[in-house]
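As a plain string of letters, each chain reads:
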Protein chains: 2
Amino acid sequence: MNKPATIYDIAKHVNASPATVSRVLSNSNYPVRPALAEKIRKAAKELNYTPNSIGRQLKTNKTSTIGVIIPSITNPFYAAVVSGIEETASEQGYQVLLCNSQNDPELELQHLRNLQENQVKGVILSSIIDKNDALQQYLSRGYKVVTIDQNHPDINTCRINFDYIKGGAIIAAHLLEQGHRDIAFLSAPLDRPSRQLIYQGYAEALHIHEVEMDQSRVLISSPTDAGKPISEFQQGKQLTRQLLQSKPWPTAILASNDMLAFGVMNELINHGIRVPEEMSVVGFDNLEFAEIVAPALTTIEQPKQEMGAIACRMLIDLLNNADNQPGEIMLQPQLVERKSVHSLI
Amino acid sequence: MNKPATIYDIAKHVNASPATVSRVLSNSNYPVRPALAEKIRKAAKELNYTPNSIGRQLKTNKTSTIGVIIPSITNPFYAAVVSGIEETASEQGYQVLLCNSQNDPELELQHLRNLQENQVKGVILSSIIDKNDALQQYLSRGYKVVTIDQNHPDINTCRINFDYIKGGAIIAAHLLEQGHRDIAFLSAPLDRPSRQLIYQGYAEALHIHEVEMDQSRVLISSPTDAGKPISEFQQGKQLTRQLLQSKPWPTAILASNDMLAFGVMNELINHGIRVPEEMSVVGFDNLEFAEIVAPALTTIEQPKQEMGAIACRMLIDLLNNADNQPGEIMLQPQLVERKSVHSLI
DNA sequence: ATGAAAGCGCTAACAT
DNA sequence: ATGTTAGCGCTTTCAT
């Protein structure tokens with residue numbers, strides 16, 4: 001457990017200068033006599049040399065680590081996104097610092113500060129903060145940010161967007177095309193852009209199909225009653241209970257994400273209501289479990305891993321080309337038909 | 001986007017030495033005249049100073065980041081563990097570098113090397129490598145390792161253990177106590193210690209209840225047929241199909257984890273076999289989804305978040321007290337009874 | 001209580 | 001093609 005070797009040790013060992021050693025060991029394309037280079041590499045191996053990237057970073061002011069801030073890795077949606085990020089990061093020689101904001105704006109800010117202190121130059125962010133003063137500060141300091149999932153229109157970052165409106169419209173239209181006319185919309189609070197947009201898509205689809213919107217059919221769960229937040233699954237159950245209290249029931253339920261939809265289906269089954277025969281249910285996200293539940297859930301595919309991969313590539317690009325413009329990418333939704341919708345026609 | 005301020009800038013600004021500035025800004029308990037200290041802090045704020053932890057690290061040879069290597073964050077089990085890790089790390093001022101080994105030993109090693117280059121001094125590891133020469137090397141170099149989930153008996157690290165044997169025995173005993181005598185055991189390949197131990201527990205429980213073990217009732221999926229591995233869910237389906245090929249069928253199925261169990265249930269339902277009335281199914285892990293599937297899955301709770309939290313605390317402890325002994329903790333299984341078991345008595 | 005200066009490991013001008 | 005050297009931002013002896 002003696003001190004690890006440095007380039008100086010190697011230099012001494014082969015009678016060369018540290019500069020030369022650095023040149024061969026850092027794969028610079030600076031010319032070095034092949035024989036010497038070989039000797040250096042051999043010595044490095046012998047001395048069990050491991051480069052100290054901290055030294056390099058201090059000198060070059062470059063890092064190979066990117067930050068990722070998401071609400072919670074426990075949410076399968078983000079797990080998939082992060083998986084996509086990590087995979088491409090790893091391929092490109094980058095590492096991923098994972099931060100969970102736990103839906104706490106304070107914590108998100110603290111993570112941001114922390115990343116900054118650790119000289120992380122780029123972060124992929126699913127922010128839960130609306131006012132972006134703090135965020136803007138980071139940007140103005142030259143930090144690169146790619147936002148995913150939640151995109152605040154007034155902030156100038158790179159964005160990986162998803163067409164939530166179209167997604168909401170597609171899934172609602174699917175229900176309408178199966179003959180459903182009375183479609184409830186259940187969602188967690190509409191404080192996140194994604195949910196608002198899905199709602200908007202739902203409304204548009206109704207409009208196009210000339211079905212009148214009935215506000216009593218849109219049920220939004222109340223923001224976390226004191227204490228810790230309720231899981232979306234539980235919110236789905238709760239909203240369903242609420243929905244079932246007064247007849248007539250709708251013939252279909254559109255949940256703003258799969259987790260919520262699972263809660264809906266679970267509660268319906270508990271009430272002895274058969275899905276989809278008596279009630280159709282659709283979700284949004286296409287989590288792995290949408291395929292696993294019975295009946296398998298019809299939903300909107302959101303390319304989660306790909307989203308992460310794209311965001312990561314974009315960020316690395318940004319990091320390499322300082323003059324890059326903030327870009328924007330819009331990913332497209334896709335209907336995944338399974339077994340949770342009953343045709344009325 | 002001008003260069004960020006350093007302690008030298010601050011020193012100049014307040015007419016003090018960088019040493020003094022460092023002393024107050026790094027919260028050293030070195031005495032500094034309160035008035036000066038205040039002035040320094042004020043200047044730091046004014047100049048928008050952010051400490052550069054790279055500089056500090058190079059000097060002190062200490063990091064505040066820990067590495068985490070797991071097979072895949074996409075697996076809800078590891079997502080929960082990582083969530084526990086990240087939360088306590090964050091509380092203690094540490095950051096988490098997340099690495100997915102994708103079940104690839106090469107990649108795992110590469111991550112290890114990478115972490116080392118980045119001067120990460122401690123890692124929490126769910127290793128998929130059996131021969132541990134490489135791992136031993138890292139340990140001998142003073143790296144701190146806490147292993148979770150997969151514990152190789154021959155390697156001297158800190159371990160967070162889980163009593164898989166007892167867990168397997170408990171869940172099998174539960175089935176036996178409900179009158180089941182013909183219980184199939186389905187699992188992914190027994191190449192991971194956890195699976196072997198669960199199998200061992202299953203065997204022990206049968207033995208205690210004087211039920212003869214029938215080897216034709218233990219079905220192990222063949223290791224990934226060429227190309228990418230099949231998900232455990234798919235393996236569960238496949239094994240179930242295989243099991244159903246010849247009658248008589250068992251009355252219950254013990255799957256070595258929940259994911260597999262979901263596959264089992266899914267396939268049973270596809271075959272029109274009612275769970276639990278015609279076939280009881282139990283799992284292992286108690287994933288969030290065990291509660292969500294219908295019928296809710298009876299399984300063994302493994303304290304995933306807690307496991308992560310404990311591992312993280314242990315590692316930080318190890319990092320702070322160089323002379324700490326490698327410890328070992330054994331977490332206890334617990335039966336979670338839900339709706340997927342039918343009583344035969 | 002404060003400051004001067006060395007040095008952590010590395011790279012990149014700038015010599016030669 | 002190789003070497004010398006300064007310096008990235010910080011902490012920490014050692015003086016004073």
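Fair warning: this is a prediction, and the values are worked out from it, not measured in the lab. (Residues numbered from 1 in each chain as written. Chains lettered and ligands numbered in written order. Predicted model: local features only at pLDDT ≥ 70, side-chain atom pairs only at ≥ 80, totals over all residues. Heavy atoms only, no water.)

Some thoughts on empty space enclosed by the protein
Thinking step 1. Within this structure, the stated rule accounts for six cavities of 30 Å³ or more.
Thinking step 2. In this structure, the largest cavity encloses a volume near 150 Å³.
Thinking step 3. Along its surface, the largest cavity is lined by 14 residues, and T65 and N118 of chain A together with T65, L97 and N118 of chain B are the ones closest to its centre.
Thinking step 4. Of the voids in this model, the second largest cavity is the one considered here, and its volume is about 90 Å³.
Thinking step 5. Those elements that place two or more of their residues in the lining of the second largest cavity are α5 (76-91) and β2 (95-100) of chain A together with β2 (95-100) and α6 (105-117) of chain B.
Thinking step 6. Of the residues in the lining of the second largest cavity, the class split is five nonpolar, six polar and one charged. (1 Å grid on protein atoms, 1.4 Å probe; cavity = no way out; pocket = protein on both sides within 12 Å on 5 of 7 lines; lining within 4 Å. Points joined across faces, edges and corners; volume = space filled by probe spheres on them. Helix = DSSP H or I, 4+ residues; strand = E, 2+ residues; numbered from the N terminus. Nonpolar A, V, L, I, M, F, W, Y, C, P; charged D, E, K, R; others polar.)

Description of the relation of the copies chain A and chain B
Relating one copy of the chain to the other requires a rotation about an axis plus a shift along that axis.
Thinking step 1. Superposition record for chain A on chain B: RMSD 0.2 Å, screw rotation 180 degrees, translation along axis 0.1 Å. Between the two chains, the operation in question is that of a two-fold axis. Taking C-alpha positions as reference, the residue of chain A nearest the rotation axis is L97 of chain A, located at 2.3 Å. (Least-squares fit on C-alpha atoms with pLDDT ≥ 70 in both.)

Some points on the protein's contact with DNA strand C
Thinking step 1. By nearness alone, 29 residues border DNA strand C, and S22 and Y49 of chain A together with R23, P31 and R33 of chain B come closest of all.
Thinking step 2. Within the backbone of I7 of chain A, an N or O atom sits 2.8 Å from a phosphate oxygen of DNA strand C.
Thinking step 3. At a separation of 2.6 Å, a base nitrogen of DNA strand C approaches a polar side-chain atom of R23 of chain B.
Thinking step 4. Elements with a contribution of two residues or more to the surface near DNA strand C: α1 (7-14), α2 (18-25) and α4 (53-60) of chain A together with α2 (18-25) and α4 (53-60) of chain B.
Thinking step 5. With five residues, α4 of chain A is the largest single contributor of residues to the surface near DNA strand C.
Thinking step 6. When its residues are assigned to classes, the surface near DNA strand C shows 14 nonpolar, nine polar and six charged. (Near = heavy atom within 4 Å. Polar contact = N/O pair within 3.5 Å; in protein donor to acceptor, adjacent residues only side chain to side chain.)

Structural notes on the UniProt feature "domain: HTH lacI-type" (unreviewed entry) in chain A
Thinking step 1. On the UniProt side, "domain: HTH lacI-type" (unreviewed entry) is annotated at positions that read residues 5-60 of chain A here.
Thinking step 2. End-to-end, the C-alpha atoms of residues 5-60 of chain A are 21 Å apart, and along that stretch the chain is 66% helix and 0% strand. (UniProt positions renumbered as here; feature names shortened; annotations may be inferred.)

Remarks on the protein's contact with DNA strand D
Thinking step 1. Residues in close proximity to DNA strand D total 29 residues, the closest being R23, P31 and R33 of chain A together with S22 and Y49 of chain B.
Thinking step 2. Taken together, the sugar and phosphate atoms account for 55% of what DNA strand D places within 4 Å of the protein.
Thinking step 3. Here I7 of chain B contributes a backbone N or O atom positioned 2.9 Å from a phosphate oxygen of DNA strand D.
Thinking step 4. Elements that contribute at least two residues to the surface near DNA strand D include exactly α2 and α4 of chain A together with α1 (7-14), α2 and α4 of chain B.
Thinking step 5. Per element, the largest residue contribution to the surface near DNA strand D is five residues, and it comes from α4 of chain B.

Details of the packing of aromatic side chains
Thinking step 1. Taken as a whole, this structure holds 17 aromatic pairs over all chains when the rule is applied.
Thinking step 2. Summarising the aromatic geometry, the rings of F77 of chain B and Y78 of chain B are spaced 5.2 Å apart at their centres and angled 85 degrees between planes, so their arrangement reads as edge-to-face.
Thinking step 3. With relative accessibility at 4%, the residue Y78 of chain B sits in the buried group.
Thinking step 4. When the centroid spacing of 6.2 Å and the interplanar angle of 25 degrees are considered together, the rings of Y164 of chain B and F284 of chain B count as stacked. Placement of Y164 of chain B in helix α8 (residues 164-177) and of F284 of chain B in the loop between β9 (280-282) and β10 (299-301) is noted, with a sequence separation of 120 residues between them. Taken as a pair, Y164 of chain B and F284 of chain B share a single burial class, namely buried.
Thinking step 5. Taken together, F262 and F289 of chain A together with F262 and F289 of chain B form an aromatic cluster joined through their ring pairs.
Thinking step 6. The side chain of K247 of chain A reaches across the aromatic face of W249 of chain A, ending 4.0 Å from its centre. (Phe/Tyr/Trp six-rings, centres within 6.5 Å; stacked < 30°, edge-to-face > 60°. Buried < 20%, exposed > 50% of the residue type's maximum accessible area, 1.4 Å probe, protein only. Lys NZ or Arg CZ within 6 Å of the ring centre and 35° of its normal.)

Some points on the sheet that holds strand β6 (residues 183-187) of chain B
Residues and elements named next belong to chain B.
Thinking step 1. Strand order in the open sheet made by the four strands is β7-β6-β8-β9, with parallel pairing throughout. In this open sheet, the two edge strands, each paired with only one partner strand, are β7 (218-220) and β9. On average, adjacent strands in this sheet sit at an angle of 20 degrees to one another, irrespective of strand direction.
Thinking step 2. Sheet topology note: the strand β8 (residues 252-255)/β9 ladder contains three bridges and is parallel. Across the sheet, the residue bridging to A252 is S280, located in β9.
Thinking step 3. Packing of helix α9 (residues 193-208) onto the sheet brings it into contact with β6, β7 and β8, and relative to β6 it is tilted by some 175 degrees. (Pairing = 2+ DSSP bridges. Axes fitted to C-alpha atoms, helices over the stretch in contact; angles between N-to-C directions. Contact = heavy atoms within 4.5 Å.)

Observations regarding the nonpolar core
Soluble globular proteins: nonpolar side chains tend toward being buried together.
Thinking step 1. In terms of nonpolar packing, the biggest core is built from 152 residues, with I124 and F262 of chain A together with I124 and F262 of chain B touching the most fellow members.
Thinking step 2. If near-sequence neighbours (up to four positions away) are discounted, I124 of chain A is found in contact with I66, G67, V68, I69, I85, V146, I148, A311, C312 and L315 of chain A.
Thinking step 3. Ranked by size, the runner-up nonpolar core spans 28 residues in total, among them I69, L97, C99 and V123 of chain B. (Core = buried A, V, L, I, M, F, W, Y, C linked by side-chain atoms within 4.5 Å.)

Focus on the domain arrangement of chain A
All names here are of chain A.
Thinking step 1. The domain architecture assigned to chain A consists of domain 1 (7-51), domain 2 (63-162 + 304-332) and domain 3 (164-302).
Thinking step 2. Once you take the C-alpha centre of each, domain 2 and domain 3 turn out to be 29 Å apart.
Thinking step 3. Residue-level contacts link 14 residues of domain 2 with 13 residues of domain 3.
Thinking step 4. A combined buried area of about 1,200 Å² lies between domain 2 and domain 3, and 49% of that area is made up of carbon and sulfur atoms.
Thinking step 5. Ranking the residues of domain 2 by area buried against domain 3 places Q150, F162 and K304 at the top, with a combined share of 51%. (Domains from an automatic or database assignment. Buried area = accessible area lost by both parts, 1.4 Å probe.)

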